[in-house]
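Next come the chains, spelled out residue by residue.
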Amino acid sequence: MNTTQSRERSDPTRSRAFSEQEVYDAVKNLRRRYVLYSLNRAQESVELGELAEQIAAWENNIPRDAVSPEQRKSVYSALYQTHLPKLENIGIVSYDRDSKRVSFTDGAEDFELYLATDAQTTIPWHKLYVGLSAFGAILIALGWIGLVPASGFQLAVIVLGVFAVTAIAHFYDRHCWQRRFQGATPDLAVEFGENRWFQ
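Numbers given for residues are sequential positions, taken from 1 along each chain in its written order. Totals for whole chains, interfaces and linings use every residue, but because this is a predicted model, local features are given only for residues with pLDDT of at least 70 and side-chain atom pairs only at 80 or more, for both listing and counting. Each side-chain value is derived from all of the structure's non-hydrogen atoms; neither hydrogens nor water enter the calculation.

J.: Mind showing me how you'd approach the packing of aromatic side chains here?
T.: The pairing test for Phe, Tyr and Trp rings, Trp by its six-membered ring, is centres within 6.5 Å, and the orientation test on the planes gives stacked under 30 degrees, edge-to-face over 60, and tilted for anything in between. Scanning the model with the defined rule gives four aromatic pairs in all. An angle of 75 degrees between the planes, with centres 5.7 Å apart, marks the rings of Tyr-37 and Trp-58 as edge-to-face. Within this pair, whereas Tyr-37 is found in helix H3 (residues 30-42), its partner Trp-58 is found in helix H4 (residues 48-60), the two being separated by 21 residues in sequence. Note on Trp-58: relative accessible area 25%, which makes it partly exposed. Ring centres of Tyr-80 and Tyr-95 lie 6.0 Å apart, and the angle between their planes is 85 degrees; this geometry places the pair in the edge-to-face category. Linking Tyr-80 in helix H5 (residues 69-90) with Tyr-95 in strand E2 (residues 93-96), this pair joins segments that are 15 residues apart in sequence. Aromatic rings pair up to connect Tyr-34, Tyr-37 and Trp-58 into one cluster. Runs of E in the DSSP output that reach at least two residues are strands. Runs of H or I that reach at least four are helices, and both are numbered from the N terminus. A 1.4 Å probe rolled over the protein chains alone gives each residue an accessible area, and that area as a share of the maximum for its type sets the label: buried under 20%, exposed over 50%, partly exposed in between.

J.: Any chance you could explain the sheet that holds strand E3 (residues 101-104) here in plain terms?
T.: The strands making up a sheet are joined through hydrogen bonds of the backbone, oriented either antiparallel or parallel. Two strands make a pair as long as DSSP finds a minimum of two bridges between them. Reading across from one edge, E1-E3-E2 is the order of the three strands in this open sheet, with antiparallel pairing throughout. The open sheet terminates on both sides in strands that have one partner only, identified here as strand E1 (46-47) and E2. Across two bridges, E1 lies against E3 in antiparallel orientation. Residue pairing in the sheet places Val-46 in a bridge with Val-102 of E3. Where H3 meets the sheet, it contacts E1, E2 and E3, and its direction lies at approximately 80 degrees from that of E3. Residue contacts are defined here by distance: any two heavy atoms, one from each residue, within 4.5 Å place the two residues in contact. All axes here are fitted lines through C-alpha atoms, helices being fitted over the stretch that makes contact, and every angle between N-to-C directions spans 0 to 180 degrees.

J.: Honestly, a nonpolar patch on the surface in this entry has me stumped. Any pointers?
T.: Where nonpolar side chains cluster on the molecular surface, the patch consists of Ile-138, Leu-142, Trp-144, Ile-145 and Leu-147 and spans about 610 Å² of accessible area. The residue Leu-147 is located in the loop between helix H7 (125-144) and helix H8 (152-181) in this model. Patches here: salt-bridge-free residues with over 30% relative accessible area, like charges joined within 9 Å, nonpolar side chains (Val, Leu, Ile, Met, Phe, Trp, Tyr) joined within 5 Å. With residues, only the protein chains shown are counted as cover, and all accessible areas are computed by Shrake-Rupley using a 1.4 Å probe. Definition used for salt bridges: Asp or Glu carboxyl oxygen within 4 Å of a side-chain nitrogen of Lys or Arg.

J.: Would you explain the pairing of E3 in this entry?
T.: Consecutive residues of a regular strand have side chains that alternate between opposite faces of the sheet. A one-sided burial pattern is seen for E3, the buried positions being Val-102 and Phe-104 and the unburied ones Arg-101 and Ser-103. Where E2 and E3 come together, four bridges link them in antiparallel fashion. Following the sheet pairing, Tyr-95 is matched in E3 by Val-102. The antiparallel hairpin formed by E2 and E3 contains four residues in its connecting segment, where Lys-100 sits at a positive phi of about 60 degrees.

This is the structure:
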């Protein structure tokens, strides 16, 4: 490992953009996808034993309380020896060897843009709403200085109408997204780039 890699690994909270290759390296393995999915759902650090037990349950399609000690130990060893070091090297996950807790790094805020979770949809709606807000502000400003032949009330109706239609479309898109992943395994909820799915 070179000096740069060593320095990056020693700073698990660094924030940077991830390259496409790094994302592929992180998610091309099923167990690593399970790790990322589990952390994304928890939104907090997870104890390694609990993480191993959950992943073993997913892999064997059984409830967590039905996971055998052998199944849990097998996943635990693989996570500890292979998958967590890989995710640590990339800079997505941090593993505290004292508390045995796994968490996203601060830098993983960039990586989360590549994850398609059940709380997200297929369209970047936040950007659309910002654009609509800018459009509404410009329209009202043009009306105020008299460049748009409409009253303030008419302009307000137009802006509210556009937002209402967009909100309905957003609701429908989110509903379709949730139906798509209802009952699906975490493996089906990882997306990168232009709707390319890892199976």
